[in-house]
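One-letter residues, chain by chain:
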Amino acid sequence: GSKVTFTFDPSSIFTPPSGYVYFTDSAGHFTLSLVFACSLVGDYFTARWSRQVLDCEALWKTCPSVTPGEWYRAPGVLWTPTTAGGCATIRVIVAPDPVR
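Residues numbered from 1 in each chain as written. Predicted model: local features only at pLDDT ≥ 70, side-chain atom pairs only at ≥ 80, totals over all residues. Heavy atoms only, no water.

Caption draft 1: Structural view of the overall build of the chain. Regarding its fold elements, the chain presents 1 helix and 6 strands. N-terminal to C-terminal, the α/β element order of the chain is β-β-β-α-β-β-β. Here the chain, with 100 residues, has 27% of them falling under the buried criterion. Pairs at least 24 apart in sequence give 26% of the contacts found in the chain among residues at least 6 apart. Summed over all atoms, the accessible surface of the chain reaches about 6900 Å², with 56% contributed by carbon and sulfur. (Helix = DSSP H or I, 4+ residues; strand = E, 2+ residues; numbered from the N terminus. Buried < 20%, exposed > 50% of the residue type's maximum accessible area, 1.4 Å probe, protein only. Contact = heavy atoms within 4.5 Å. Areas by Shrake-Rupley, 256 points an atom, 1.4 Å probe, with all protein chains shown as cover.)

Caption draft 2: Expanded view of the environment of Tyr-72. Here Tyr-72 lies in strand 4 (residues 72–74). As a C-alpha pair, Tyr-72 and Ala-47 span 25 residues in sequence and 9.5 Å in three-dimensional space. Excluding its chain neighbours within four sequence positions, the residues that come into contact with Tyr-72 are Ser-65, Val-66, Thr-67, Val-77, Leu-78, Trp-79 and Pro-81. Within the local environment of Tyr-72, its side chain forms a polar contact with the backbone nitrogen of Thr-67, the two atoms lying 2.7 Å apart. (Polar contact = N/O pair within 3.5 Å; in protein donor to acceptor, adjacent residues only side chain to side chain.)

Caption draft 3: Representation of the side chain of Ser-50. Considering the arrangement of structural elements, one finds Ser-50 in strand 3 (residues 42–50). Residue classification places Ser-50 among the buried residues on the basis of a relative accessible area of 10%. Polar contacts involving the side chain of Ser-50 include one to the main-chain carbonyl oxygen of Gln-52, which spans 2.7 Å.

Caption draft 4: Seen up close, the pairing of strand 5 (residues 77–84). Pairing of strand 4 with strand 5 involves 3 bridges; the strand directions are antiparallel. Bridged to Arg-73 within strand 5 is Leu-78. (Pairing = 2+ DSSP bridges.)

Caption draft 5: Region of the structure containing the confidence of the model for the chain. Per-residue confidence for the chain gives a mean pLDDT of 78; residues scoring 70 or more make up 74%. Confidence, expressed as mean pLDDT per element, reaches its minimum in the chain at strand 6 (residues 87–94) with 81 and its maximum at strand 4 with 89. (pLDDT = per-residue confidence, 0-100.)

Caption draft 6: Representation of the packing of aromatic side chains. Summed over all chains, the structure comprises 3 aromatic pairs. Relative to Trp-79, the ring of Tyr-72 lies with its centre 6.0 Å away and its plane at 20°, an arrangement referred to as stacked. Overall, the relative accessible area of 2% leaves Trp-79 in the buried class. Members of the aromatic cluster, each reached through a chain of ring pairs, are Phe-45, Tyr-72 and Trp-79. (Phe/Tyr/Trp six-rings, centres within 6.5 Å; stacked < 30°, edge-to-face > 60°.)

See below:
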């Protein structure tokens, strides 16, 4: 499998990192959408694996808070956040085909 790592600096209390990103597979058939927000009141994350680019802004508005060690599920993906040494990591597992 592939592994991609993003690093964000959450040290600014005025502009903590948040946003969304999406990746399309090499054949152009599927899109992995990741939506996140880190703040003083908590961390928020969601993901989707689908056949089209989703409205990530709409997903961001409904992004759930996450708890380290818990597993979360959404269409085509599973994820779990962990923290160590002030760094948060979210492991995302993608289903091979979201339409099955």
